[in-house]
Amino acid sequence: MPVRAIKTTTISILAVGLLAGSAVGVAAQDEEAAAEPPVPVRVTGSIEAGGGFDFGTVEVTQDDERGVEERRGSFWDDPIALDEPRLSGQLRSTLNTDTYGGQDLGGDGSVVTARTELVNDGGTWTGTLRGYSYPHMDEGFPQRDLIWHIELTGTGAYEGNSALLYAQGSLNDGLLEVDGLVFPGELPGYPDTVELPAE
């Protein structure tokens, strides 16, 4: 066989070997990437709070002994816009609220619990909302600030994921700033009791 033919054959074999090795390397990298578990993702954004509330089905009672006005079953339907599309849509909540010192200007503070769901085109998150509000004066004007803690579990397309959100802002402004985490799996359960370390 001529020397040129031998060189050409050798080069061809080397080229095929390099291409095959490259393909194996890429496949291995793809398998490694696919094997990596999903990680939590921090989310931020806002809730337009209080714009879609409905007092039509609310039960209001006064507990004079405790000095509390009890409101049960108010419905809020608020747009929520986060930098994570899975957690943007409508935040719908049915709230129970205890307001201390009367309802006027938020009384001396309120506590709230709610069943809530976050709905968008991709699916639904369901969970709970807990928080409080308190009145204060700002440059001579009455303000009412809200603090919310929201725990959500994904259903449908979001099944297998959970979210933990904190929202804070002024009801007067109608805007709550949100910071939180969406993560694979469920929240850890609560311990049965508080176990103090042995001395």
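Residues numbered from 1 in each chain as written. Predicted model: local features only at pLDDT ≥ 70, side-chain atom pairs only at ≥ 80, totals over all residues. Heavy atoms only, no water.

Peer 1: I keep staring at the overall build of the protein chain and nothing clicks. Help me out?
Peer 2: Along the protein chain, the regular secondary structure elements total one helix and nine strands. For the protein chain, the α and β elements follow one another from N to C terminus as α-β-β-β-β-β-β-β-β-β. Across the 199 residues of the protein chain, 32% fall into the buried class. For the protein chain, the exposed surface amounts to about 12800 Å²; the carbon and sulfur share of it is 56%. (Helix = DSSP H or I, 4+ residues; strand = E, 2+ residues; numbered from the N terminus. Buried < 20%, exposed > 50% of the residue type's maximum accessible area, 1.4 Å probe, protein only. Areas by Shrake-Rupley, 256 points an atom, 1.4 Å probe, with all protein chains shown as cover.)

Peer 1: What is the right way to read the nonpolar core from this model?
Peer 2: If you look at the biggest cluster of nonpolar residues, it comprises 25 residues, and the most contacted ones within it are Ile47, Leu87, Trp125, Trp148, Ile150, Leu152 and Leu165. Listing elements by their share of this core, those giving two or more residues are strand 1 (41–47), strand 3 (68–82), strand 4 (89–100), strand 5 (109–120), strand 6 (123–138), strand 7 (141–156), strand 8 (161–170) and strand 9 (175–184). Top contributing element to this core by residue count: strand 7, with four residues. The residues contacting Ile47, other than those within four sequence positions of it, are Asp78, Pro79, Ile80, Leu91, Trp148, Ile150, Ala167, Gly174, Leu175, Leu176 and Val178. (Core = buried A, V, L, I, M, F, W, Y, C linked by side-chain atoms within 4.5 Å. Contact = heavy atoms within 4.5 Å.)

Peer 1: Just checking my understanding: could you explain the confidence of the model for the protein chain for this structure?
Peer 2: Low pLDDT marks regions whose predicted coordinates should not be analysed in detail. Per-residue pLDDT for the protein chain has a mean of 81; in total, 75% of the residues score no lower than 70. Per-residue pLDDT stays below 50 along residues 13–20; that stretch engages in zero contacts with residues further than four places along the chain or on separate chains. (pLDDT = per-residue confidence, 0-100.)

Peer 1: Which parts of the structure should I look at to understand the environment of Ala114?
Peer 2: Among the structural elements, Ala114 can be located in strand 5. The sequence separation of Ala114 and Thr97 amounts to 17 residues, and the corresponding C-alpha distance is 8.7 Å.

Peer 1: I tried to follow the pattern of salt bridges on my own but got confused; where do I start?
Peer 2: Two side chains that carry opposite charge are able to pair once their charged atoms sit near each other. Here the structure, examined in full by the defined rule, presents five salt bridges. Ionic pairing is found between Glu69 and Arg71, a salt bridge with its closest N-O pair at 3.1 Å. (Salt bridge = Lys/Arg side-chain N within 4 Å of Asp/Glu carboxyl O.)

Peer 1: Looking at this structure, I do not really get a nonpolar patch on the surface. What am I missing?
Peer 2: Where nonpolar side chains cluster on the molecular surface, the patch consists of Tyr100, Val111, Tyr132 and Tyr134 and spans about 340 Å² of accessible area. By relative accessible area, Val111 is classed as partly exposed at 40%. (Patch = residues over 30% accessible without salt bridge, like charges linked within 9 Å, V, L, I, M, F, W, Y side chains within 5 Å.)

Peer 1: Would you take a moment to explain the side chain of Ser133 for this structure?
Peer 2: The topology assignment puts Ser133 in strand 6. Judged by relative accessible area, Ser133 falls into the buried class, the value being 5%. Within the structure, the side chain of Ser133 is placed 3.3 Å from the side chain of Arg144, a separation counted as a polar contact. Residue contacts for Ser133: discarding those within four places in its chain leaves Gly109, Ser110, Arg144, Asp145 and Leu146. (Polar contact = N/O pair within 3.5 Å; in protein donor to acceptor, adjacent residues only side chain to side chain.)

Peer 1: Help me understand the environment of Asp83 in this model?
Peer 2: Counting through the fold element by element, Asp83 comes out in the loop between strand 3 and strand 4. In the structure, Asp83 is positioned 37 residues away from Ser46 in sequence and 9.4 Å away in space, judged by C-alpha atoms.

Peer 1: Please explain the pairing of strand 8 as it appears in this structure.
Peer 2: Successive side chains on a regular strand alternate, one facing one side of the sheet and the next facing the other. By the criterion of burial, strand 8 is predominantly enclosed, with seven of the ten residues buried. Connecting strand 7 to the antiparallel partner strand 8 that follows it, the hairpin turn spans four residues, and Gly160 within it adopts a positive phi of roughly 95 degrees. With antiparallel pairing between neighbouring strands as the criterion, strand 8 and strand 9 make up a hairpin whose turn holds four residues, including Gly174 at a positive phi of roughly 70 degrees. (Pairing = 2+ DSSP bridges.)

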